[in-house]
Amino acid sequence: MARIDRVVTSGTFSLDGETFDVDNNVWIVGDDDEVVVIDAAHDADAILHAVGHRRVVAIACTHGHDDHIDAAPDLALRTGAPILLHADDLVLWHMKYPDLEPDTHLTDGQELTAGGVVLTVLHTPGHSPGAVCFYAPSLRVVFTGDTLFQGGPGATGRSFSDKPTILNSIRTRLLTLPADTVVHTGHGTDTTIGAEARSL
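Residues numbered from 1 in each chain as written. Predicted model: local features only at pLDDT ≥ 70, side-chain atom pairs only at ≥ 80, totals over all residues. Heavy atoms only, no water.

(A) The arrangement of the sheet that holds strand β3 (residues 34-38) in detail. In space, the six strands of this open sheet follow the order β1-β2-β3-β4-β5-β6, with mixed pairing throughout. Both outer strands of the open sheet, β1 (3-15) and β6 (104-106), are each paired with one neighbouring strand and no more. The mean inter-strand angle of the sheet, taken between neighbouring strand axes irrespective of direction, is 25 degrees. Note that strand β4 (residues 55-60) and strand β5 (residues 83-86) share two bridges and pair parallel. (Pairing = 2+ DSSP bridges. Helix = DSSP H or I, 4+ residues; strand = E, 2+ residues; numbered from the N terminus. Axes fitted to C-alpha atoms, helices over the stretch in contact; angles between N-to-C directions.)

Right under this line is the structure:
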């Protein structure tokens, strides 16, 4: 039986010489046997507690900002799961981990599977060059990281981000999904594609 678990972890986000306290949504997608962890943020122990006895198939990163990847190497070490990141975000990854590489580079249209749930990778640059979303049509959900939130697009005021690019990504890759698709975000509360289509 497919299921989605959310773990909220707390830590910091640092970029451009500034650091902020943040709470992140970590999404665990799959069934009672195997899962994909989306955005291993801050606290590997809390994530492992939520995973329980299940096998972690992959640690999938929506983007390379440090608050979304800072528990990924520890989680990978403890589960044996590969870390997946789009190559266009390696510049951000290497700010946090200059001597470590992700195991696999995500590509647009790639499919990840865990517990019978298929997640399709949608490259949605703008918040960062290699930002991606993970769309699970069978569950009618999309995991948007920091690309789309309740109330609009993610922030674009920092290095390696671009507002026209994120707006184009949202319009062409996300707002084309069914209106009742639930949007599971990287921070904060859920929304739907239909609700955000109206606000955008």
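(B) Highlighting the side chain of D89. As for its placement among the helices and strands, D89 is situated in the loop between β5 and α4 (90-96). Among buried Asp, Glu, Lys and Arg side chains, D89 stands out as unpaired, with R158 the closest opposite charge at 14 Å. At a separation of 2.8 Å, a polar atom in the side chain of D89 contacts the main-chain amide nitrogen of G64. Those residues in contact with D89 that lie beyond four places of it in its chain are H63, G64, S128, P129, G130 and A131. (Buried < 20%, exposed > 50% of the residue type's maximum accessible area, 1.4 Å probe, protein only. Lys, Arg positive; Asp, Glu negative; His and termini not counted. Salt bridge = Lys/Arg side-chain N within 4 Å of Asp/Glu carboxyl O. Polar contact = N/O pair within 3.5 Å; in protein donor to acceptor, adjacent residues only side chain to side chain. Contact = heavy atoms within 4.5 Å.)

(C) Broad picture of the layout of surface pockets. Its volume calculated, the largest pocket comes out at about 200 Å³. F13, H65, H127, D146 and A155 are the residues nearest the centre of the largest pocket, which is lined by 16 residues in total. Along the lines of polarity and charge, the residues of the lining of the largest pocket split into five nonpolar, eight polar and three charged. (1 Å grid on protein atoms, 1.4 Å probe; cavity = no way out; pocket = protein on both sides within 12 Å on 5 of 7 lines; lining within 4 Å. Points joined across faces, edges and corners; volume = space filled by probe spheres on them. Nonpolar A, V, L, I, M, F, W, Y, C, P; charged D, E, K, R; others polar.)

(D) Spotlight on the packing of aromatic side chains. Counted according to the given criterion, the structure contains three aromatic pairs. Aromatic pair F13 and F20: ring centres 6.5 Å apart, planes at 20 degrees, arrangement stacked. Take F13: its relative accessible area is 13%, and that puts it in the buried class. (Phe/Tyr/Trp six-rings, centres within 6.5 Å; stacked < 30°, edge-to-face > 60°.)

(E) Representation of the side chain of D5 in the model. Residue placement: D5 occurs in strand β1. One polar contact links D5 to R3, side chain to side chain, over a distance of 3.2 Å. A polar atom in the side chain of D5 sits 2.9 Å from the side chain of R54. Leave out the neighbours within four places in its chain, and D5 touches V26, W27, I28 and R54.

(F) Structural view of the nonpolar core. V37, A40, I47 and I59 are the most contacted members of the largest nonpolar core, which has 24 residues in total. When residues of this core are traced back to their parent elements, those giving at least two are β2 (18-30), β3, α1 (44-51), β4, α3 (72-79), β5 and α4. In this structure I59 touches V37, A40, A72, L75, A76, T79, A81, P82, I83 and L84, once residues within four positions along its chain are discounted. Grouped together as the second largest cluster of nonpolar side chains are 18 residues, V36, I38, V117 and V141 included. (Core = buried A, V, L, I, M, F, W, Y, C linked by side-chain atoms within 4.5 Å.)

(G) Examining α3 more closely. Taken together, the buried positions of α3 are occupied by A72, L75 and A76. Relative to the axis of α3, the buried residues are bounded by an arc of 100 degrees and lie together on one face. Packing partners of the buried residues in α3 comprise β3, α1, β4, α2 (66-69) and β5. (Arc of directions from axis to C-beta.)

(H) Up close: the sheet that holds strand β7 (residues 111-114). Taken in spatial order, the six strands of this open sheet run β7-β8-β9-β10-β13-β14, and their pairing is mixed. Among the strands making up the open sheet, the edge pair consists of β7 and β14 (191-192). Of the strand pairs in this sheet, strand β13 (residues 182-185) and β14 are connected by two bridges, and their pairing is antiparallel. Each residue of the ladder has a partner; that of V183, found in β14, is T191.

(I) Quick peek at unusual backbone geometry. Positive phi, normally seen in glycine, also occurs at D16, with a value near 55 degrees. As for its position among the elements, D16 is in the loop between β1 and β2. Residue D16 is classed as partly exposed on the basis of its relative accessible area, which comes to 40%. Its identity as a non-glycine residue notwithstanding, D39 has a phi of 65 degrees, on the positive side. Mapped onto the elements of the fold, D39 is located in the loop between β3 and α1. Exposure remark for D39: the relative accessible area of 2% places this residue in the buried category.

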